[in-house]
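For reference, the chains in residue letters:
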Amino acid sequence: MNYGKRIFLWIMLFWIGSAQVFAEPFVQGGPIGSQTSDGYDALGPVVEQPIEFPHNTHAGRMQINCMYCHTYARRSNVSGIPRLDKCMGCHNLIEGVKDRPRIKKLFEYWENKQPIPWKKVHDLPDFVRFNHERHIQRFYFQEKRPIREACGYCHGDIASMTTARRVKALSMGWCVSCHQKDHLEKAGSTVTSHGPNDCWLCHK
């Protein structure tokens, strides 16, 4: 191992080992420009979407499971964005809302055979590798946590929002602080473990 790489590894190991317990994952950040108690920016920029999708209606009032739309989250690195035909599968049958502006826009994209150009909200740098499958399998399927809680670790309470916005720091220190916590291995068990702290698992 060359000298530069050895120095880098020592710095990273020292930083991880000396990290404090930062902001609790379930606590959302405050207003734009504020910081979480770990000192990291809590919110990214407000992202204007082509359609102001009401998460508070679908995931909140109707209690639709996040994975119904984000189908890849349980089996892939990415969560996935639903195809337009999934939206239309419901909204073609719901007559009572077809005259609403959001739904009219939905039908315009459908009639023009165009995908909805959604913009990414929870974007990470290209050198960061985050695996949705690992986290969903652990917290939702093994620990049996409610889906809003499992997804809320990183995304906040999306079901209380209209257009999704970032409310967690999503910084390296914030992720490391969660990996240092004791998490149950599975529901009904008292055995706990930490997340991995190997740099190469998260960085390409």
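Let us look at the structure shown here. Fair warning: this is a prediction, and the values are worked out from it, not measured in the lab.

### Some words on the packing of aromatic side chains
- Considering all chains together, one arrives at 3 aromatic pairs under this definition.
- Aromatic side chains Y140 and F141 sit 4.9 Å apart centroid to centroid with 80° between the ring planes, which places their arrangement in the edge-to-face category.
- It is K86 that lies over the ring of Y68; its NZ or CZ is 4.5 Å from the centre.

### Comments concerning helix α5 (residues 101–111)
- Along α5, the positions that sit buried rather than exposed are I103, L106, F107 and Y109. The buried side chains of α5 occupy one side of the element, clustering within an arc of 160° when seen end-on. In α5, the exposed positions angled more than 90 degrees off the buried face are occupied by P101 and E111.
- Those residues of α5 that are buried lie in contact with α4 (84–91).

### What to know about the environment of E95
- By the element assignment, E95 lies in the loop between α4 and α5.
- Assessed through its relative accessible area of 58%, E95 is described here as exposed.
- At a separation of 3.2 Å, a polar atom in the side chain of E95 contacts the side chain of K98.

### Re unusual backbone geometry
- Phi is positive for Q63, which is not a glycine, with a value near 55°.
- For Q63, the location among the structural elements is in the loop between α2 (55–61) and α3 (66–69).
- Positive phi, close to 60°, is recorded for K144, a residue that is not glycine.
- Inspection of the secondary structure puts K144 in the loop between α6 (132–142) and α7 (147–155).

### Quick word on the environment of V191
- Tracing the backbone through its elements, the reader meets V191 in the loop between β1 (183–184) and β2 (192–193).
- Classification of V191 as partly exposed rests on a relative accessible area of 46%.
- Setting aside chain neighbours within four positions, we find V191 in contact with H183, L184 and E185.

Conventions and cut-offs
- Residues numbered from 1 in each chain as written.
- Predicted model: local features only at pLDDT ≥ 70, side-chain atom pairs only at ≥ 80, totals over all residues.
- Heavy atoms only, no water.
- Phe/Tyr/Trp six-rings, centres within 6.5 Å; stacked < 30°, edge-to-face > 60°.
- Lys NZ or Arg CZ within 6 Å of the ring centre and 35° of its normal.
- Buried < 20%, exposed > 50% of the residue type's maximum accessible area, 1.4 Å probe, protein only.
- Helix = DSSP H or I, 4+ residues; strand = E, 2+ residues; numbered from the N terminus.
- Arc of directions from axis to C-beta.
- Contact = heavy atoms within 4.5 Å.
- Polar contact = N/O pair within 3.5 Å; in protein donor to acceptor, adjacent residues only side chain to side chain.

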